[in-house]
Amino acid sequence: MFYQIDNAVLTLVVLCALAAINIKDLLGAGILFGAYSFMMCLLWAVMGAVDVAFTEASVGAGVSTVLFIAAVFRTSRRTKD
Amino acid sequence: MKILAIALCLLLGGALVFVVGDFPDWGDPMSPPNDYRLSKHFIENTMEETSVPNIVTAVLADYRGFDTMFETAVIFTAALACFFLLRTWGRRPSKPDNVYMHLLTGVHVRLKHGKTLSPQSRTFARVESEILRYDLVTSTVCRLMIPFIQLFALYVVAHGHHSPGGGFQGGVILGASFLLLAISHDLRTLRERFPEVKLMYLLIAGIVLYSGVGFACMIYGGNFLEYEALGPLMGVTPVMAHSLGILFVEIGVAMTVMATMILIYNYISSLGTYERGL
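Residues numbered from 1 in each chain as written. Chains lettered and ligands numbered in written order. Predicted model: local features only at pLDDT ≥ 70, side-chain atom pairs only at ≥ 80, totals over all residues. Heavy atoms only, no water.

Draft legend 1. Main features of the side chain of serine 270 of chain B. Within the element layout of this structure, serine 270 of chain B appears in the segment after helix 11 (238-269). Serine 270 of chain B gets classed as buried once you look at its relative accessible area, which sits at 4%. Among the polar contacts listed, one links the side chain of serine 270 of chain B to the backbone oxygen of asparagine 266 of chain B, at a separation of 2.7 Å. Apart from the residues within four sequence positions on either side, serine 270 of chain B is in contact with Arg74 of chain A together with Leu187, Glu275 and Arg276 of chain B. (Helix = DSSP H or I, 4+ residues; strand = E, 2+ residues; numbered from the N terminus. Buried < 20%, exposed > 50% of the residue type's maximum accessible area, 1.4 Å probe, protein only. Polar contact = N/O pair within 3.5 Å; in protein donor to acceptor, adjacent residues only side chain to side chain. Contact = heavy atoms within 4.5 Å.)

Here's what the structure looks like:
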């Protein structure tokens, strides 16, 4: 992969992480974590660790986002701080 | 307190960035993990020793199979912990009301004393409660997609030693397909196909299958999880027995992981009652 795309993905990872911490809406934070995991999956795939990328895509971006959403629906959507 | 936390974060982050500079370059053949004789052995001899082209799976399920067994046990323990923490047993009516929705108008009908309509009815569909919306587009699209997702998951499990994938990934994808069913329809649809008891059996069966393969190796004269010993039993060469042993073990992992994913989601979404989903 071209290093420009690599840099763009890395920047997006950092942006997603910062946004997930700062956002007030917890549902949005869950979705941002999904996006973060998907970017990480792309990075693993670029580095040739395809098995890790596969796990990251299925566990990180897939199931854990669903679990976050279920937890948010059953608690509250807004955070206090 | 907040200043202290920020200072601590900056200090640890700075230390991390400082240490990363000492890492070997990416893909450096002379770096310690690439240069050590163990990794050389794996790269050069995996194919002759196990006839598994995917070295990652061979290392995961064969060379360090004992480790992976206890990784599966960790997932099993996670499911048990969720069961003990989240599961609640409320008093449930022996004849609960059934709620049906008229598909064309969206009007809800509540039938008391456990009366039911024909499940084949094309005008009424059973829903969990009056609050839930039944969306024709979402449920139809998901119903079309789920079989393909499951087929792909089974491919990932069965083909894990030839291509990326394996028990963990395949199990998660298989579990995710059932979560899609629970989200697009409702929890009752999933519960009818997969009662809690069946999931528990699956959870236990996976880890029993894994350790059972290990004990079978011991019975046939090998060490624990030394798949070569199973060669005469399955009628294949010892090298091929490694490949087949990895497949059995991966199936066990997939069963446990799948049951864990579904159980955790169901407990969270139904507040531990296992009755009504989101």
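Draft legend 2. Highlighting the interface of chain A and chain B. Across the boundary between the two partners, chain A contributes 15 residues, which contact 24 residues of chain B. Taking both sides of the interface into account, the surface hidden between chain A and chain B amounts to around 1600 Å²; carbon and sulfur atoms contribute 78%. When the buried area of chain A at its contact with chain B is split by residue, Asp51, Phe54 and Arg74 of chain A rank highest and sum to 40% of it. Counting every contact that joins chain A to chain B gives four residue pairs in polar contact (both at pLDDT 80 or more). With 13 residues, helix 3 (residues 50-74) of chain A is the largest single contributor of residues to the side of chain A that touches chain B. Among the residues making up the side of chain A that touches chain B, the classes are represented as 11 nonpolar, two polar and two charged. (Buried area = accessible area lost by both parts, 1.4 Å probe. Nonpolar A, V, L, I, M, F, W, Y, C, P; charged D, E, K, R; others polar.)

Draft legend 3. The arrangement of the packing of aromatic side chains in detail. Residue and element names in this part refer to chain B. Evaluated as defined, the whole model comprises 10 aromatic pairs over all chains. For the ring pair phenylalanine 42 and tyrosine 63, a centre distance of 4.6 Å and an interplane angle of 45° mean the geometry is tilted. In this pair, phenylalanine 42 is assigned in helix 3 (residues 37-50) and tyrosine 63 in helix 4 (residues 55-63), connecting sequence segments 21 residues apart. Look at phenylalanine 42 and you get buried, because its relative accessible area is 17%. Relative to phenylalanine 194, the ring of phenylalanine 178 has its centre 5.0 Å away and its plane inclined at 75°; by these criteria the two rings are edge-to-face. (Phe/Tyr/Trp six-rings, centres within 6.5 Å; stacked < 30°, edge-to-face > 60°.)

Draft legend 4. Broad picture of the confidence of the model for chain B. Residue and element names in this part refer to chain B. Looking at chain B, pLDDT values average 85 and 95% of them are 70 or higher. Model confidence for chain B, summarised as mean pLDDT per element, is weakest for strand 3 (residues 124-127) at 74 and strongest for helix 1 (residues 2-20) at 93. The ipTM value of the predicted complex is 0.86, and its pTM value is 0.83. (pLDDT = per-residue confidence, 0-100.)

Draft legend 5. Inspection of a nonpolar patch on the surface at higher detail. Taken together, Leu16, Phe18, Val19, Val20 and Phe23 of chain B make up a surface patch of nonpolar side chains, about 570 Å² in accessible area. Considering the arrangement of structural elements, one finds leucine 16 of chain B in helix 1. (Patch = residues over 30% accessible without salt bridge, like charges linked within 9 Å, V, L, I, M, F, W, Y side chains within 5 Å. Areas by Shrake-Rupley, 256 points an atom, 1.4 Å probe, with all protein chains shown as cover. Salt bridge = Lys/Arg side-chain N within 4 Å of Asp/Glu carboxyl O.)

Draft legend 6. Summary view of unusual backbone geometry. All names here are of chain B. A positive phi angle, near 55°, is found at serine 51, a position not held by glycine. Position of serine 51 relative to the elements: it lies in the loop between helix 3 and helix 4. A positive phi angle is found at leucine 225, which is not glycine, with a value near 65°. For leucine 225, the position within the fold is in the loop between helix 9 (196-219) and helix 10 (231-234). We classify leucine 225 as buried; its relative accessible area is 7%.

Draft legend 7. Expanded view of the packing of helix 5 (residues 65-86) of chain B against helix 11 of chain B. Residues and elements named next belong to chain B. Between helix 5 and helix 11, the shortest axis-to-axis distance is 9 Å and the interhelical angle comes to 20°. Compared by their axis directions, helix 5 and helix 11 come out roughly parallel. Crossing handedness for the pair helix 5 and helix 11: left-handed. Here Thr72, Ile75, Phe76, Ala79, Cys82, Phe83 and Leu86 of helix 5 come into contact with helix 11, specifically with Val253, Thr256, Val257, Thr260, Ile264, Tyr267 and Ile268. By residue class, the composition of the contact of helix 5 with helix 11 is 11 nonpolar, three polar and no charged. (Axes fitted to C-alpha atoms, helices over the stretch in contact; angles between N-to-C directions. Parallel < 35°, antiparallel > 145°, perpendicular 65-115°, else oblique. Left-handed = near helix turned anticlockwise from the far one by under 90°.)

Draft legend 8. Region of the structure containing the pattern of salt bridges. All names here are of chain B. Overall, the coordinates contain four salt bridges over all chains when judged by the stated rule. In this structure, the salt-bridge partner of glutamate 71 is arginine 64, at a minimum N-O distance of 2.9 Å. Note on glutamate 71: relative accessible area 33%, which makes it partly exposed. Here glutamate 196 ties to arginine 87 by a salt bridge, and the two come within 2.9 Å at their closest N and O atoms. Residue glutamate 196 is found in helix 9, and its partner arginine 87 is found in the loop between helix 5 and strand 1 (98-102); the two are separated by 109 residues along the sequence. Judged on exposure class, the residue glutamate 196 and its partner arginine 87 are both buried. The network of salt bridges with shared partners includes Arg64, Asp67 and Glu71.

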